[in-house]
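What the coordinates show
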Amino acid sequence: MQEKNRGLALFTSLVFLFLLGPLIIISFTSFEPGSVLKFPPEGFSWRWYENIFNVEMFMTTFKTSMFVSLFGNLLALLLGIPAAYALSRFDFRGKGILNGIFISPVLIPGIVMGFAMLKYVIVVYNLPIYAGLLVGHTVLMLPFIIRVIASSLSNFDFAIEEAALSLGAGRLETFFKVVLPNIRSGIIAAILIAFLESFNNVDISVFMTGPGVSTLPIQMLTYVENNFDPTIAAISVLLMILTAILMFIIERLMGLSYFTKR
Amino acid sequence: MRKTGLYLLLLPGVLFLTLFMVIPIVMTIASTFYQDGSFTIQGYLQFLTDAYFLKIMLTTLQVSLVTTIACVLIGFPAAYYISKLGPRKKGILLALAIFPLLTSSVVRSFSWMIILGKKGLLNSSLLAIGLIDKPLEILYTPTAMMIGLIHLFLPLIIITLVGVMENIDPDLLKAAESLGASKLTAFWKVIVPLSVPGLIIGSILVFVGSLTAYTTPALLGGKQRVISTFLYQNAITLNDWHLASVIATIMIVITFVVIYFMNKLATKLNPKG
């Protein structure tokens, strides 16, 4: 059995080498001083990190991505918190169907959703591309917001809410003073998870580009098609650092069990 | 609570999703049956009889199937190993599996371009040790897509399976062994059947995910089309929105059929009933 365990341990190490190796390689190549991506790099230079700030499209699309992910997040919270509360707190007819509707954006293929939104939100409703991006990302984030907050509410003892109500506090007051503070860490985790989903999204954003409007991942795709210098590797490293920081905060707030539960 | 209050909580979200998701999706599906004001299934007939479309469909299914099988075969033993570890080590390995999952798919696919390219890491190493004498053409082939997709979805199946395996009562294994089963038999008769529901959920996620993935095939597939890049090409490059809508509808149907049948299978095969 010892033998088998050692075999399994080796196998698992190889699996993780496969998962993380490419990300480590990309990090090394970002320091290449020459203008062609190479591994191992032929020296050390911050040149391509500086180049990110010199390519104006990277700066513009980064701002767009930030705006869409943060403002869309806020919209998704305003729509999602009341819905998550209603779905966790009360039993009513049609609850299953509503649950289904709120979760459905994750079931529909992203590329299909992007195309359908281009067709209707941009063309039929005639919204500007920037607004279309915002709306699309709000739809994208809503199920994550609702799922994480609902799971946070499932650990909340509603008897506390009842107690506040019976002591004469109003419904709204109780919600803001009793319920909300108790699920605060769930809400922050929801914001971060939804942010990552939105910030990395390609499938919807790829249909919502126009003159001067695009998100960072789409700009990266376009750049890769025409250039093979280490700039994208440098951006990748910055994105991985951002991901690691956000993941660390999520872990502190609610552990990583959200990701292992299906 | 009064009914109106409940509706007020749910209404904004429902209205928003109806306006910006349900209507666009339903209308996209409906639009495939109308052309120039009359009912038609021409788009579907065109899709189902054109050898080029069918080849794209076949490539997509092949790539997704191979990806799913590979993810299960690689992910299952790794997940079993992780689930047996102490909480600290398990936490670290899970975090290391979740990190790539949260990392941008553009970054992850791009990393494979560096490795699989003509002058990439793989080719230069193989050339250096003399295993090959001219570079392998891997990048921009279905093989590259598969490697990229396995890399994309392996963490998903690992963490799903660890979640399921953690909940298997270790006493069941001990009981099987004390009744005379060898460790391997106990593994096959206890762990494997009890992991089946998780395995099926994981497989659905991987299969549907690979079937509809866009970034990885777009970056690693080159001119080789799969259904999602074909949808994009028709919608944006060729401006054929009718055909793009037909492809979109086919993708929705396949997704829901797969989810429906795999869920049925999962319920049926669940030994806990």
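Residue numbering note: each chain is counted from 1, following its sequence as written. Key to labels: chains lettered from A, ligands numbered from 1, both in the order written. Per-residue local features are limited, in this predicted model, to residues with pLDDT of at least 70; the limit for side-chain atom pairs, both in listing and counting, is 80 or more; totals at the level of whole chains, interfaces and linings are taken over all residues.

1. Section: the overall build of chain B
The helix and strand tally for chain B stands at 12 helices and two strands. Counting from the N terminus, the helices are DSSP H or I runs at least four residues long and the strands are E runs at least two residues long. Element order for chain B, N to C, with α for helix and β for strand: α-β-β-α-α-α-α-α-α-α-α-α-α-α. Its C-alpha atoms put chain B at 75 × 75 × 35 Å along the principal axes. Across the 273 residues in chain B, those meeting the buried criterion constitute 43%. Sequence separation of at least 24 residues holds for 74% of the intrachain contacts in chain B that already meet a minimum separation of 6. Three exposure classes are used, all based on how many other C-beta atoms lie within 10 Å of a residue's own C-beta (placed from the backbone): buried at 20 or more, exposed at 12 or fewer, and partly exposed between those limits. Throughout, a pair of residues is in contact if the C-beta atoms placed from their backbones lie within 7 Å.

2. Looking at the overall build of chain A
Across its full length, chain A carries 12 helices and zero strands. Secondary structure elements in chain A, listed N-terminal to C-terminal, are α-α-α-α-α-α-α-α-α-α-α-α. Once the C-alpha set of chain A is aligned to its principal axes, its extents read approximately 70 × 65 × 30 Å. Taking all 262 residues of chain A together, the buried fraction comes to 42%. Sequence-distant contacts, at least 24 apart, represent 73% of the contacts inside chain A between residues at least 6 apart.

3. Overview of the environment of G34(A)
All names here are of chain A. Along the chain, G34 turns up in the loop between α1 (2-29) and α2 (47-54). Of the residues examined, G34 has 13 C-beta atoms within 10 Å and is grouped as partly exposed. In this structure, the C-alpha to C-alpha distance between G34 and W48, residues 14 residues apart in sequence, is 9.4 Å.

4. Quick look at the interface of chain A and chain B
Of the residues lining the interface, 67 residues belong to chain A; the matching set on chain B comes to 66 residues. Broken down by secondary-structure element, the contributors of at least two residues to the side of chain A that touches chain B are α1, α3 (56-89), α4 (95-107), α5 (110-124), α6 (129-153), α10 (216-226), α11 (231-254) and α12 (257-260) of chain A. Any residue that is not Ala, Val, Leu, Ile, Met, Phe, Trp, Tyr, Cys, Pro, Asp, Glu, Lys or Arg is counted as polar, Gly included; the first ten are nonpolar and the last four charged. Of the residues contributing to the side of chain A that touches chain B, the split by class is 54 nonpolar, eight polar and five charged.

5. A short note on the UniProt feature "domain: ABC transmembrane type-1" (unreviewed entry) in chain A
When the UniProt feature table is mapped onto this chain, "domain: ABC transmembrane type-1" (unreviewed entry) is found at residues 62-250 of chain A. With 79% helix and 0% strand, the stretch residues 62-250 of chain A has end C-alpha atoms that lie 23 Å from each other. UniProt positions are given in the numbering used here, feature names are shortened, and annotations may be inferred rather than shown by experiment.

6. A word on the UniProt feature "domain: ABC transmembrane type-1" (unreviewed entry) in chain B
In the UniProt entry, the feature "domain: ABC transmembrane type-1" (unreviewed entry) is given for residues 57-262 of chain B. The span residues 57-262 of chain B carries 81% helix and 0% strand; its end-to-end C-alpha distance comes to 20 Å.

7. Let's talk about the UniProt feature "transmembrane region" (unreviewed entry) in chain A
Residues and elements named next belong to chain A. In this structure's numbering, the residues bearing the UniProt feature "transmembrane region" (unreviewed entry) are residues 7-31, 66-88, 100-123, 129-150, 187-210 and 230-250. Taken end to end, residues 66-88 is 100% helix and 0% strand, and its first and last C-alpha atoms sit 31 Å apart. For residues 187-210, the helix share is 54%, the strand share is 0%, and the end-to-end C-alpha distance is 33 Å.

8. What to know about the environment of W48(A)
With respect to the element layout, W48(A) can be found in helix α2. Among all residues touching W48(A), those that are not within four sequence positions of it are S30(A), D229(A), P230(A), T231(A), A233(A) and A234(A).

9. Focus on the nonpolar core
Each nonpolar core consists of buried Ala, Val, Leu, Ile, Met, Phe, Trp, Tyr and Cys residues. Their C-beta atoms, within 7 Å, join them into a set. Ranked by internal contacts, the top residues of the largest apolar core, which has 143 residues, are F115(A), I145(A), I149(A), A190(A), L231(B) and I247(B). When residues of this core are assigned to their parent elements, the largest contribution, 16 residues, is made by helix α7 (residues 142-166) of chain B. With sequence-adjacent residues up to four places away left out, I149(A) is seen in contact with G80(A), I81(A), A84(A), I183(A), G186(A), I187(A) and A190(A).

10. With respect to the packing of α3(A) against α6(A)
Residue and element names in this part refer to chain A. Running from N to C, α3 and α6 cross one another at 40 degrees; their axes reach a closest spacing of 7 Å. With respect to their mutual orientation, α3 and α6 come out oblique. When you trace α3 past α6, the crossing you get is right-handed. Among the residues making up the contact of α3 with α6, the classes are represented as 20 nonpolar, seven polar and no charged. As a rule, the C-alpha atoms of each element are fitted with a line to give its axis, helices using only the stretch in contact, and angles between N-to-C directions run from 0 to 180 degrees. The labels follow the angle: roughly parallel below 35 degrees, roughly antiparallel above 145, roughly perpendicular from 65 to 115, and oblique for the rest. The crossing is said to be left-handed when, going from far helix to near helix, the turn is anticlockwise and less than a right angle, and right-handed when the turn is clockwise.

11. Regarding unusual backbone geometry
Despite not being glycine, N126(A) has its phi angle at roughly 60 degrees, a positive value. Mapping N126(A) onto the fold places it in the loop between α5 and α6. Assessed through the 10 C-beta atoms surrounding it within 10 Å, N126(A) is described here as exposed. Here the phi dihedral of N239(B) falls at roughly 60 degrees; this positive angle occurs in a residue that is not glycine. Following the sequence through the fold, N239(B) ends up in the loop between α11 (227-237) and α12 (241-269). Of the residues examined, N239(B) has 9 C-beta atoms within 10 Å and is grouped as exposed.

12. Observations concerning the packing of helix α7 (residues 158-166) of chain A against helix α8 (residues 171-182) of chain A
All names here are of chain A. It is the contact of α7 with α8, at a shortest axis distance of 10 Å, that shows an interaxial angle of 135 degrees. By the criterion of interaxial angle, the relationship of α7 to α8 is oblique. Handedness of the α7/α8 crossing: right-handed. Contact residues: I160, E161, A164 and L165 in α7; R171, T174, V178 and V179 in α8.

13. What to know about the confidence of the model for chain B
For chain B, mean pLDDT is 90; residues scoring 70 or higher make up 98% of the total. Note on the complex model: pTM 0.92, ipTM 0.91. The predictor's confidence in any single residue is recorded as pLDDT, a number from 0 to 100.

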